[in-house]
Amino acid sequence: MPGRERSTVAEVPASHRPRGGRGKTVVAVVAFFIALAILLSLGTWQVQRLHWKEQLLADMAERRAAPPVSLADIEAMAAKGEDIEYRPVTVSGVFANNRERHFFATWRGQTGYHVYTPLQLADGRFLFVNRGFTPFEAKEPEMRKQGQLTGEQTVTGLARARLAEKPSSIVPENDLAKNIFYWKDLDTMASSTGIAADRLVPFFVDAGEAPNPKGLPIGAVTQFDLPNNHLQYAVTWYGLAAALVGVALYALFRRKGGRPTP
């Protein structure tokens, strides 16, 4: 109309308006699917670990129930790369009591040590045998002289594989000066007693429940109760995934419900 000033500000076309809201939505959707994928992956991984642990426990139970075999049989299995853990074995030899090593351990709430003693075989090699638990006050051999078996001995127990390395950085270093081992380093156990590597059987044997004089060391201390919390972890991760979906659906419905009617 005449006399009315024309606006100097040109109207911006709708196609050129900022799309910040849409961009944020895209980012939120992408973040949602990434988080959901991570949570579902973690839950599935725990389910796989659960199946693995259950199979491991079943294998352990089956091996423990098998009749004992000879040391030569266990060595043949190890040479072929087979798992020798918890396989019953019978072996004979003479204990080198002056070379025993002490592994820090607890037994039924009591602090002490597992006594690892080299058993000298007929061929001159040595096999470290975990003879069992002795309390802290009976660490030194003179405190349990009657348990220091001499002469030919036959041990029936379970084969145990050696450790390739220290199981964790938080485990203390072995104290050779005090003869206290915090992890079962077979090579160091042997070298600290003067046993050459070529005369060492490359695994351990945990002695069974055959009693020792005066009850020390206490045999059959092998632990079989492996933690199996994978089902609980799987439920936790899947539960978090479900909660994430619930929050996303709530936010979506709330947004739709809050839009103004055209």
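Throughout what follows, the structure given in this document is the object of discussion. (Residues numbered from 1 in each chain as written. Predicted model: local features only at pLDDT ≥ 70, side-chain atom pairs only at ≥ 80, totals over all residues. Heavy atoms only, no water.)

## As for the overall build of the protein chain
Move 1: In terms of helices and strands, the protein chain carries four helices and seven strands.
Move 2: Going from N to C terminus, the protein chain has its helices and strands arranged as α-β-α-β-β-β-β-β-α-β-α.
Move 3: Burial statistics for the protein chain: of 262 residues in total, 34% are counted as buried.
Move 4: Long-range pairs, those at least 24 residues apart, make up 65% of the contacts in the protein chain with a sequence separation of at least 6.
Move 5: Split by element, the accessible area of the protein chain, about 16700 Å² in all, is 59% carbon and sulfur. (Helix = DSSP H or I, 4+ residues; strand = E, 2+ residues; numbered from the N terminus. Buried < 20%, exposed > 50% of the residue type's maximum accessible area, 1.4 Å probe, protein only. Contact = heavy atoms within 4.5 Å. Areas by Shrake-Rupley, 256 points an atom, 1.4 Å probe, with all protein chains shown as cover.)

## Section: the environment of Pro227
Move 1: Its location among the elements puts Pro227 in the loop between strand E7 (203-207) and helix H4 (230-257).
Move 2: Taking the C-alpha atoms as reference points, Pro227 and Lys53, 174 residues apart in sequence, are found 8.9 Å from one another.

## Considerations on a nonpolar patch on the surface
Move 1: Side chains of Val26, Val30, Ile34 and Ile38 sit close together on the surface and give an oily, nonpolar patch of about 350 Å² of accessible area.
Move 2: Relative to the elements of secondary structure, Val26 occurs in helix H1 (residues 20-64).
Move 3: A relative accessible area of 47% places Val26 in the partly exposed class. (Patch = residues over 30% accessible without salt bridge, like charges linked within 9 Å, V, L, I, M, F, W, Y side chains within 5 Å. Salt bridge = Lys/Arg side-chain N within 4 Å of Asp/Glu carboxyl O.)

## Focus on the side chain of Asp206
Move 1: Relative to the helices and strands, Asp206 resides in strand E7.
Move 2: Residue classification places Asp206 among the buried residues on the basis of a relative accessible area of 3%.
Move 3: Side-chain polar atoms of Asp206 contact the side chain of Thr222, separated by 2.8 Å.
Move 4: Once residues lying within four places of it in the same chain are set aside, the contact partners of Asp206 are Tyr116, Asn130, Gly157, Leu158, Arg160 and Thr222. (Polar contact = N/O pair within 3.5 Å; in protein donor to acceptor, adjacent residues only side chain to side chain.)

By themselves, these observations are geometric and do not establish any function.
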